[in-house]
Amino acid sequence: MTVKGALFDFSGTLFRIESAESWLRTVLERSGTAVPDEDVLRYARNLEEAGALPGGAPPLAVPPHLEEVWAVRDRGAEPHRAAFTGMAREVPLPRPELYDALYDRHMEPAAWRPYPDAREVLGELRRRGVRIAVVSNIGWDLRPVFRAHGLDPLVDAYALSYEHGVQKPDPRLFQAACDALGVAPGDAVMVGDDRRADAGAAALGCRVHLVDHLPVDRRPDALRAVLGLPPEAATAP
């Protein structure tokens, strides 16, 4: 198969969100909320277990009153905010305004770090003439994150679930990405970390390549396999 298009997931594939502790500490400091260190750690752990950090760990359980909005959270900006602030509110915090502040923080470019090999792999694919799209289940515009980290010039198109009203694994989102690139699904590869959502591209005939959703410092070169090279043989563009 000759790859003419490469579709990449965002969170856990090209970028990783900051830790729950960093996320919470940033918001607490900005709001001037003084919290003992042991409480910060406890709050952060509970927020992570609740699945309140978008791009972070999935919830241990979804409360019944949030099941409906959680199921459609990536189909629009409003359900996305409602779902994640709802999950955060399952954890009692010192001030009620912190919940929206936490949600707003996760959309900031500074809250995200690209994986070490992301720029190299995207750049090499472009050098080879491969068209690149980002396909993400998300409720907000992630383009500023790519611009802030200098990766936007390496991306040809974005297919974001909240802009299309459908979320992966719905084949329509992958088809939208392929259409935007002008490539047939059979000539594309989908690269992601979610074995359910991202593997949905296979229904269209896309090749699927999965990576592990790990912290940035624990996954230095997993994307290089997309180039058909072992990590030690990959070279920068």
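These figures come from a predicted structure and were not determined experimentally. (Residues numbered from 1 in each chain as written. Predicted model: local features only at pLDDT ≥ 70, side-chain atom pairs only at ≥ 80, totals over all residues. Heavy atoms only, no water.)

Caption draft 1: Molecular detail of helix α5 (residues 98–106). Of the positions making up α5, those classed as buried are Leu98, Tyr99, Leu102, Tyr103, Arg105 and His106. For α5, the angular spread of buried residues about the axis comes to 160 degrees, placing them on one side. The inward-facing, buried residues of α5 abut β2 (15–17), α1 (20–31), α2 (37–49), α4 (77–88) and β3 (112–114). (Buried < 20%, exposed > 50% of the residue type's maximum accessible area, 1.4 Å probe, protein only. Helix = DSSP H or I, 4+ residues; strand = E, 2+ residues; numbered from the N terminus. Arc of directions from axis to C-beta. Contact = heavy atoms within 4.5 Å.)

Caption draft 2: Up close: helix α6 (residues 118–127). With seven of ten residues buried, α6 lies mostly within the body of the structure. Along α6, the residues classified as buried are Ala118, Glu120, Val121, Leu122, Gly123, Glu124 and Leu125. Close packing links the buried residues of α6 with β1 (5–8), β3 and β4 (131–136). One or two steps after α6, the chain reaches Gly129, where phi turns positive at roughly 85 degrees.

Caption draft 3: How the structure looks around the pairing of strand β6 (residues 188–192). Counted residue by residue, β6 has five buried out of five residues, so it is predominantly covered. Side chains Ala188, Met190 and Gly192 of β6 all project onto a buried face; the interleaved residues Val189 and Val191 project onto the opposite face, where all are buried too. Alignment of β1 against β6, held across four bridges, turns out to be parallel. Each residue of the ladder has a partner; that of Phe8, found in β6, is Val191. Here β6 pairs with strand β7 (residues 207–210) via four bridges, running parallel. Considered in β7, the bridge of Val189 is made with Arg207. (Pairing = 2+ DSSP bridges.)

Caption draft 4: Just the nonpolar core, in detail. Within the largest apolar cluster, 56 residues are counted, with the highest numbers of intra-cluster contacts made by Phe8, Phe10, Leu14, Leu125, Leu142 and Phe146. Here this core takes five residues from α1, the largest share from any one element. Those residues in contact with Leu14 that lie beyond four places of it in its chain are Phe8, Asp9, Arg113, Pro114, Tyr115, Ala118, Leu122, Val134, Phe146 and Leu223. Of all hydrophobic cores here, the second largest spans 16 residues; its members include Val135, Val166, Ala188 and Ala201. (Core = buried A, V, L, I, M, F, W, Y, C linked by side-chain atoms within 4.5 Å.)

Caption draft 5: Here's a closer look at the sheet that holds β1. Taken in spatial order, the five strands line up as β5-β4-β1-β6-β7 in an open sheet, and their pairing is parallel. Every other strand in the sheet has two partners, leaving β5 (157–160) and β7 as the edge strands with one partner each. Direction aside, neighbouring strands of the sheet carry axes that sit 20 degrees apart on average. Sitting on the sheet, α6 touches β1 and β4, and the angle it makes with β1 is about 160 degrees. The strands that helix α9 (residues 171–181) touches are β1, β4, β5 and β6; relative to β4, the one it contacts most, it runs at about 155 degrees. (Axes fitted to C-alpha atoms, helices over the stretch in contact; angles between N-to-C directions.)

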